Amino acid sequence: MPFFKYTAMTGTGGNTKGVVEAMSADAAQDILAQRGLIPTGVSETSGPDGTSGGNFLTELSNRMQSIKPQDLILFTKQMRTMLNAGIPVLQSLDVLQNQTENPRLKGAIVSIGADIKSGGTLSRAFAKHPGIFPELYCNMIRAGEISGTLTDVLERLIYIVDHEFKVKKDIKSALTYPIVVVVALVAAFFILILFVLPQFVDLFSKAGIALPLPTRICLGLYDLLTRFWYIALAIIGGTVFGLSAYFRTEQGKIARDGFLLKLPILGPVFQKAAMARFASIFAILQASGITVLEAMDILTGTIGNAFIARDFRNLREKLEQGRGLSGPLRTTKSFTPMMVSMITIGEETGNMEEMLKEAARHYDYEVEYAVSKMSDLLGPVLVAGLTGVVGFFAMAIFLPLVELMQNSMKGM
């Protein structure tokens, strides 16, 4: 998101200047107006420090700089440490602004400081940067402001961000090998179809032998990729475009995420990861003094799975009718029996927070174990797929060769 350098008049008639992060100059003026400022000049600048002109490559690099989980974790730890030491929020933000190396995060800190100076709350200032601070992060900050336990909330946020980062990293590591194998398999498929098989087809045609079904299928694929490539490209492009457009809709997201949960090997991992995320976040929200209804709203936007989020929306409607939490949970398809049992015990004993923490620890272990076994489980599937592809091409090539050799022997 670009930065805009501005000069403006305050409500008391004074002058001020600074830098704001916005999508456009008009959006920057709207942000300034919300802060009670009257813009007198707004111009795009290359970075959060207000320097303009700059090197084009440097500017492009700054804009492409993403916020890594490590950056957010470090920012949250530093802010918690300074607040624990009794340093005021504004002074803490000034220190963090000077220490932060990520230009995008640096610009956000500058904007947050300016919002607070103009009388805004910390949670609203954070919420103006959804690309950096997730909805859960902002809601937790709001809960800390209301309850007066901001430093405790920041401690819990460090756990959440760090935990989410580790889970995603473990899943990506487990999927790296299967993805590499699938890519290599697809590349081998196209090489065999486009370059290897045609050499043998010329030999078979000159010999005048009847081609078996696997060979004819390969020839059909060869014709499709060489003579009618534009049709294949249109079909693939149309399918990708149509699916991407459908998956951007609410119904499409629900269908996609529901399908992922039903996958044989990956589905249980995704479900256990969602259960761990639900239990850990819900426990933290309970400890922060957020009501169950508010927690359902927050979890709906932060659970990371549209299929399960739909269950949260249905749960909220039933909770408003005073049915409790464990009863409606039993009617959902996405919650495991163990999770429902833990919440039932928590409601009956009045110790919901502790039960949720126990459930989070259990599913954290389950996810860790499932991810560690994922490669072992996917191995046989990949071997079977590789064997099937190799066997198919072997039949396409060697069956006509066998017939050619038999015809040659008969002619001798």
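Before any of the text, the structure's been laid out above.
The shown structure was predicted, so the numbers you read here are calculated from the model rather than taken from an experiment. (Residues numbered from 1 in each chain as written. Predicted model: local features only at pLDDT ≥ 70, side-chain atom pairs only at ≥ 80, totals over all residues. Heavy atoms only, no water.)

Enquirer: Any chance you could explain the packing of aromatic side chains here in plain terms?
Expert: Geometry of an aromatic ring pair is reported as the spacing of the ring centres plus the angle between the planes. For the coordinates displayed, the defined rule picks out 13 aromatic pairs. Arranged with centres 6.2 Å apart and planes meeting at 55°, the rings of phenylalanine 75 and phenylalanine 126 form a pair that is tilted. Here phenylalanine 75, found in helix H3 (residues 69-84), pairs with phenylalanine 126, found in helix H6 (residues 122-127); they are 51 residues apart in sequence, far enough to count as distant. Owing to a relative accessible area of 1%, phenylalanine 75 belongs among the buried residues under this scheme. Taking 5.0 Å as the distance between ring centres and 85° as the angle between the ring planes, the aromatic pair formed by phenylalanine 278 and phenylalanine 335 counts as edge-to-face. With a gap of 57 residues between them, phenylalanine 278 in helix H12 (residues 266-287) and phenylalanine 335 in the loop between helix H15 (326-330) and helix H16 (337-349) connect regions that are remote in the sequence. When its relative accessible area of 1% is taken as the criterion, phenylalanine 278 is described as buried. Through pairs of rings, three or more aromatic residues link up here, namely Phe75, Phe126, Phe133 and Tyr137. The ring of phenylalanine 247 carries arginine 256 above its face, with NZ or CZ at 5.9 Å from the centroid. (Phe/Tyr/Trp six-rings, centres within 6.5 Å; stacked < 30°, edge-to-face > 60°. Helix = DSSP H or I, 4+ residues; strand = E, 2+ residues; numbered from the N terminus. Buried < 20%, exposed > 50% of the residue type's maximum accessible area, 1.4 Å probe, protein only. Lys NZ or Arg CZ within 6 Å of the ring centre and 35° of its normal.)

Enquirer: How should helix H8 (residues 150-207) be read in this particular structure?
Expert: In an α-helix, one full turn covers 3.6 residues, which means residues spaced three or four apart are oriented alike. Given a rise of 1.5 Å per residue, 58 residues ought to cover 86 Å, and the 82 Å separating the end C-alpha atoms of H8 matches this to within 8%. Leucine 197 marks the point of greatest bend in H8, at about 45°, and the proline proline 198 comes within the next four residues. (Expected span 1.5 Å × (residues − 1). Bend = angle between axes of the 7 residues up to and from the residue.)

Enquirer: Would you take a moment to explain the packing of helix H13 (residues 292-302) against helix H14 (residues 306-320) for this structure?
Expert: The geometry of a pair of packed helices is captured by two quantities: the angle between their axes and the separation between those axes. Remark: H13 packs on H14, axes separated minimally by 9 Å, with the N-to-C direction vectors making an angle of 165°. Put simply, H13 runs roughly antiparallel to H14. Where H13 crosses over H14, the handedness of that crossing is left-handed. Within the contact between the two elements, H13 uses Val292, Leu293, Met296, Asp297, Leu299 and Thr300 and H14 uses Ala309, Phe312, Arg313, Leu315, Arg316, Leu319 and Glu320. Broken down by class, the residue content of the contact of H13 with H14 amounts to 8 nonpolar, 1 polar and 4 charged. (Axes fitted to C-alpha atoms, helices over the stretch in contact; angles between N-to-C directions. Parallel < 35°, antiparallel > 145°, perpendicular 65-115°, else oblique. Left-handed = near helix turned anticlockwise from the far one by under 90°. Contact = heavy atoms within 4.5 Å. Nonpolar A, V, L, I, M, F, W, Y, C, P; charged D, E, K, R; others polar.)

Enquirer: Explain the environment of threonine 215 here, please?
Expert: When you line up the elements, threonine 215 lands in helix H9 (residues 213-226). As a C-alpha pair, threonine 215 and leucine 197 span 18 residues in sequence and 8.6 Å in three-dimensional space.

Enquirer: Just to check I follow, could you spell out the pattern of salt bridges for this structure?
Expert: Side chains that carry opposite charge are capable of pairing whenever their charged atoms lie near each other. Tallied over the entire structure, the rule returns 9 salt bridges. Among the ionic pairs, aspartate 162 bridges to lysine 166, the shortest N-O distance being 3.4 Å. One end of the pair, aspartate 162, and the other, lysine 166, are both in helix H8, 4 residues apart, so they sit about a helical turn from each other. For aspartate 162, a relative accessible area of 26% corresponds to the partly exposed category. Exposure remark for lysine 166: the relative accessible area of 48% places this residue in the partly exposed category. Arginine 361 is paired through a salt bridge with glutamate 358; the nearest N and O atoms lie 2.5 Å apart. Placement of both arginine 361 and glutamate 358 in helix H17 (residues 352-410) is noted, with a separation of 3 residues, approximately one turn of the helix. (Salt bridge = Lys/Arg side-chain N within 4 Å of Asp/Glu carboxyl O.)

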